[in-house]
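Analysis of the macromolecular model
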Amino acid sequence: MKNKRLNLLSIVLLCVMLFIMYGTNIGVPGITQYWSGFKLFDMQLLYSVDTFKETLSKIGMDGIRHYLYYFAVDFGFILTLFWVQYEITESVTKGKQFQCKIILVFAMMRGLLDIVEDILLALLLKEKISVTVVPIASFITSLKFCCLFGWIILVLFLAIRNRKKEHST
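Notes on the structure follow. Note that the structure is a prediction, hence the values are computed from the model and not measured.

Right, let's talk about the state of the cysteines for a bit. On inspection of all chains with the given rule, the structure shows zero disulfides. Considering cysteine sulfurs only, cysteine 147 is the nearest to cysteine 100, which forms no disulfide, with 16 Å between them. Distance from the sulfur of cysteine 147, which forms no disulfide, to the nearest cysteine sulfur (cysteine 146) is 7.0 Å.

What follows is the structure in structure tokens.
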């Protein structure tokens, strides 16, 4: 019963974080008030220095300040998403420690890359835009998504395999 409550709590908290990020002025809607075409950099694959500069010029100093506050919310999202990934991984690995550890490496790497990405983006927003740091941040975003997709593929593979085993016995 305790595990089901933790699973539910992790999912509820993730949904709350997503709502704050995408449904309130604390998150993306607050930044889009400065420019309606705004898109989070940490949700874009391989953005350029020119795209970065253009976005910052369009959202202005107030939008940049708001974006910096957004990272606090994103950090909460990173933690809650990892918690959900952990709970799902525990569920599909069914106590098989080796499988659990391998799959959790993808979840941990996704979280760590997300944190590094946020730090780089915050530095770029606060300091002068670096022609070398923007591509690094963009590449880290791509790696983050590779880790997320790797985790999803492994979890789906195990879930399908477990389901087949249950039906064959």
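Right, let's talk about a nonpolar patch on the surface for a bit. A contiguous nonpolar patch, built from Phe149, Ile152, Ile153, Leu156 and Ile160 and spanning about 480 Å² of accessible area, is present on the exposed surface. Position of phenylalanine 149 relative to the elements: it lies in helix H5 (residues 133-168). Accessibility expressed as a relative area gives 46% for phenylalanine 149, which makes it partly exposed.

What follows concerns the pattern of salt bridges. One pass over the full model with this rule turns up five salt bridges. For arginine 110, the salt bridge goes to aspartate 114, with nearest N and O atoms at 3.4 Å. With a gap of four residues between them, arginine 110 and aspartate 114 both fall in helix H4 (residues 97-126), about one helical turn apart. Accessibility classification places arginine 110 together with aspartate 114 in one group, the buried group. For the salt bridge of lysine 144 with aspartate 114, the shortest nitrogen-to-oxygen distance reads 3.7 Å. Pair noted here: lysine 144 is in helix H5 and aspartate 114 is in helix H4, with a separation of 30 residues, a long-range link. A relative accessible area of 5% means that lysine 144 is categorised as buried.

A separate point is the packing of helix H3 (residues 49-93) against H5. Interaxial distance between H3 and H5 falls to 13 Å at its minimum, and their mutual angle equals 25°. Overall, the two elements H3 and H5 adopt an arrangement that is roughly parallel. Note that H3 runs across H5; the crossing there is left-handed. Residue-level contacts link Val49, Phe52, Gln85, Ile88, Thr89, Val92 and Thr93 of H3 to Val134, Pro135, Leu148, Trp151, Val155, Leu158, Ala159 and Asn162 of H5.

Time to look at unusual backbone geometry. With a phi close to 55°, leucine 46 is a non-glycine residue in the positive phi region. For leucine 46, the location among the structural elements is in the loop between helix H2 (28-32) and H3. Phi is positive for lysine 94, which is not a glycine, with a value near 50°. Structurally, the position occupied by lysine 94 is in the loop between H3 and H4.

About the thresholds
- Numbering of residues starts from 1 in every chain and runs along the sequence as written.
- Given that this is a predicted model, residues contribute local features only at a pLDDT of at least 70 and side-chain atom pairs are listed and counted only at 80 or more, while totals for whole chains, interfaces and linings are drawn from all residues.
- The side-chain numbers reported here are obtained from all heavy atoms of the structure, hydrogens and water having been left aside.
- For this text, the term disulfide refers to a pair of cysteine sulfurs within 2.5 Å.
- Nonpolar side chains (Val, Leu, Ile, Met, Phe, Trp, Tyr) are joined into patches within 5 Å and like charges within 9 Å, using only residues with over 30% relative accessible area and no salt bridge.
- For the area figures, the Shrake-Rupley method with a 1.4 Å probe applies, and any residue is considered shielded solely by the protein chains shown.
- The working definition used for a salt bridge is a side-chain nitrogen of Lys or Arg within 4 Å of a carboxyl oxygen of Asp or Glu.
- For helices the rule is a DSSP run of H or I covering at least 4 residues; for strands it is a run of E covering at least 2, with both sets numbered from the N terminus onward.
- Relative accessible area decides the class of each residue, using a 1.4 Å probe on protein chains only: under 20% of the type maximum gives buried, over 50% gives exposed, and in between gives partly exposed.
- Angles run from 0 to 180 degrees between N-to-C directions of axes, and those axes are lines fitted to C-alpha atoms, restricted for helices to the stretch in contact.
- In this scheme, roughly parallel covers angles under 35 degrees and roughly antiparallel covers those over 145, while 65 to 115 is roughly perpendicular and the rest are oblique.
- In this scheme the crossing of two helices becomes right-handed for a clockwise turn of the near helix relative to the far one and left-handed for an anticlockwise turn of less than a right angle.
- Any two residues whose heavy atoms approach within 4.5 Å are treated as being in contact.

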